Amino acid sequence: QSVLTQPPSVSGAPGQRVIISCTGTNSNIGAGSDVHWYQHLPFTAPKLLIYAHTNRPAGVPERFSASTSGTSASLVITGLQSDDETDYYCQSYDTRLSGFVFGTGTRVTVL
Amino acid sequence: QLQESGPGLVKTSETLSLTCNVSGGSIGSYYWTWTRQPPGKGLEYIGYIYKTGSTNFNPSLKSRVSMSIDTSNNQVSLKLTSVTTADTAVYHCARGLGLYNWFDTWGQGMLVTVSS
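Every value quoted in this text rests on a predicted model; they were computed, and no experiment measured them.

Chemist: What is the right way to read the overall build of chain B from this model?
Modeler: A count of helices and strands for chain B gives 0 helices and 11 strands. Of the regular secondary structure in chain B, the N- to C-terminal order runs β-β-β-β-β-β-β-β-β-β-β. Taking 116 residues into account, the globule formula puts the C-alpha radius of gyration at 13 Å, and chain B, at 13 Å, falls close to it. Counting only C-alpha atoms, chain B reaches 40 × 25 × 25 Å along its principal axes. Burial statistics for chain B: of 116 residues in total, 48% are counted as buried. A separation threshold of at least 6 residues defines the contact pool for chain B, and within that pool the share at least 24 residues apart is 51%. For chain B, the accessible area works out to roughly 5,100 Å², and carbon and sulfur atoms hold 47% of it.

Chemist: Any chance you could explain the pattern of salt bridges here in plain terms?
Modeler: Think of it this way: side chains of opposite charge can pair up when their charged atoms draw near. Residues and elements named next belong to chain A. All chains considered together, the criterion is met by 6 salt bridges over all chains. Among the salt bridges present, the one from R63 reaches D84, with a minimum N-O distance of 2.8 Å. Of this pair, R63 sits in the loop between strand 4 (47-50) and strand 5 (64-69) while D84 sits in the loop between strand 6 (72-77) and strand 7 (87-94), and the two are 21 residues apart along the sequence. Using a relative accessible area of 3% as the deciding quantity, one classes D84 as buried.

Chemist: How do you make sense of the sheet that holds strand 5 of chain A when you look at a structure like this?
Modeler: What holds strands together in a sheet is hydrogen bonding between their backbones, with the strands either parallel or antiparallel. Residues and elements named next belong to chain A. Strand order in the open sheet made by the 3 strands is 2-6-5, with antiparallel pairing throughout. At either end of the open sheet lies a strand with only one pairing partner, and these are strand 2 (18-23) and strand 5. Ignoring strand direction, the axes of neighbouring strands in this sheet form an average angle of 20°. Bridge analysis of strand 2 against strand 6 gives 6 bridges, and the strand direction is antiparallel.

Chemist: What is the right way to read the packing of aromatic side chains from this model?
Modeler: Any pair of aromatic rings gets described here by the distance separating the centres and the angle formed by the planes. Evaluation of the coordinates by the stated rule reveals 15 aromatic pairs over all chains. What links up through ring pairs into an aromatic cluster is the set Y38, Y93, F100 and F102 of chain A together with Y31, Y45, Y48, Y50, Y100, F103 and W106 of chain B. In this arrangement the basic side chain of R95 of chain B is found over the ring face of Y30 of chain B, its NZ or CZ atom lying 4.2 Å from the centre.

Chemist: Quick question: what am I supposed to make of unusual backbone geometry here?
Modeler: What you tend to see is this: most non-glycine residues have negative phi, and most peptide bonds are trans. Backbone geometry at F43 of chain A places phi at a positive 70°, although glycine is not the residue there. Relative to the helices and strands, F43 of chain A is located in the loop between strand 3 (36-40) and strand 4. Given the relative accessible area of 56%, F43 of chain A is considered exposed. Of note in this structure, S13 of chain B is not a glycine but carries a positive phi near 80°. Residue position: S13 of chain B is located in the loop between strand 2 (9-11) and strand 3 (16-22). The exposed category is assigned to S13 of chain B, whose relative accessible area is 58%.

Chemist: Whenever I open this one, the nonpolar core confuses me. Can you help?
Modeler: Taken as a class, soluble globular proteins show a tendency for nonpolar side chains to be buried jointly. By size, the foremost hydrophobic cluster in this structure holds 25 residues, and its most contacted members are L16, W34, L78 and Y91 of chain B. Those elements that place two or more of their residues in this core are strand 3, strand 4 (31-37), strand 5 (44-49), strand 7 (65-70), strand 8 (75-80), strand 9 (89-96) and strand 11 (110-115) of chain B. Grouped together as the second largest cluster of nonpolar side chains are 23 residues, V10, V18, L80 and V110 of chain A included.

Chemist: Teacher, can you tell me more about the sheet that holds strand 7 of chain B here?
Modeler: All names here are of chain B. The strand order across the open sheet built from 4 strands is 1-3-8-7, with neighbouring strands paired in antiparallel fashion. The strands lining the two open edges of the sheet, one partner per strand, are strand 1 (2-5) and strand 7. Each strand axis lies, on average, 20° off the axis of its neighbour in the sheet, ignoring direction. Relative to strand 3, strand 1 runs antiparallel, the two sharing 4 bridges. Opposite S5, over in strand 3, you have T19 as the bridge partner.

Chemist: I keep staring at the pairing of strand 7 of chain A and nothing clicks. Help me out?
Modeler: For a regular strand, side chains alternate in direction, first toward one face of the sheet and then toward the other. Residues and elements named next belong to chain A. Of all 8 residues that make up strand 7, 8 are buried, and the element is covered over most of its length. Burial of strand 7 is two-sided: the residues D87, Y89, Q91 and Y93 facing one way and the residues Y88, C90, S92 and D94 facing the other way are all buried. Pairing of strand 3 with strand 7 involves 5 bridges; the strand directions are antiparallel. Note on strand 7: the bridge partner recorded for H36 is Q91. The sheet contact formed by strand 7 and strand 9 (residues 106-110) spans 2 bridges and is antiparallel. Bridging from a neighbouring strand, Y88 pairs with T106 of strand 9. The pairing of strand 7 with strand 8 (residues 99-102) spans 4 bridges and is classified as antiparallel. Its bridge partner being in strand 8, S92 is matched across the sheet by V101. Taken together, strand 7 and the strand that follows it, strand 8, pair antiparallel across an intervening segment of 4 residues, in which S98 is found at a positive phi of about 55°.

Reading the values: the criteria
Residues numbered from 1 in each chain as written. Chains lettered and ligands numbered in written order. Predicted model: local features only at pLDDT ≥ 70, side-chain atom pairs only at ≥ 80, totals over all residues. Heavy atoms only, no water. Helix = DSSP H or I, 4+ residues; strand = E, 2+ residues; numbered from the N terminus. Rg over C-alpha atoms; globule rule 2.2 N^0.38 Å. Buried < 20%, exposed > 50% of the residue type's maximum accessible area, 1.4 Å probe, protein only. Contact = heavy atoms within 4.5 Å. Areas by Shrake-Rupley, 256 points an atom, 1.4 Å probe, with all protein chains shown as cover. Salt bridge = Lys/Arg side-chain N within 4 Å of Asp/Glu carboxyl O. Pairing = 2+ DSSP bridges. Axes fitted to C-alpha atoms, helices over the stretch in contact; angles between N-to-C directions. Phe/Tyr/Trp six-rings, centres within 6.5 Å; stacked < 30°, edge-to-face > 60°. Lys NZ or Arg CZ within 6 Å of the ring centre and 35° of its normal. Core = buried A, V, L, I, M, F, W, Y, C linked by side-chain atoms within 4.5 Å.

Remember that the coordinates give geometry; whether it matters functionally is a separate question.
Structure follows, in structure tokens:
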């Protein structure tokens, strides 16, 4: 089961900006647990995009950014490219479940 | 580097057993986590195991899941009992840096099909 809620899909034209939301609760994001974001092409290893709310690992373009406020987080992709067309997941830690939680996943479509 | 291995086909009501082989490093102080992705659905957290043997499992799977660590062979194992077709999925292992931290390394994933 997923405890973090994301929109099933978002879309945008090349060059545009898209925003993916990740809504949690007071036992995960709202409790101060860090939020992390992954890019996942099915049947491949998920790729870490953002860690600890806002940080990009080496090699991740500046086009990817994220923020967290209250019980929600957002991933922003600017300058949308065809390569960005895949699935994105947020992840955090839930203090009530004492375990990791993932978002429901969002498919980004480049029009 | 992480590599999942095990049977790609399991019969209903039997036990699914997968191994995650850790190479290029040791088991260390990480939270070794299993996730799965059923066809057409999102990633689902199965559970984690720490080097001490401490575990946490998704409540929806808790009654059927077990995990173990073999530090001498750098392997982490997953067992899921009484499988049904709903357990058909791509199973990934991942290395977690801490409870509040992220997964920095993932396996490619392995498709396990449950069929009668």
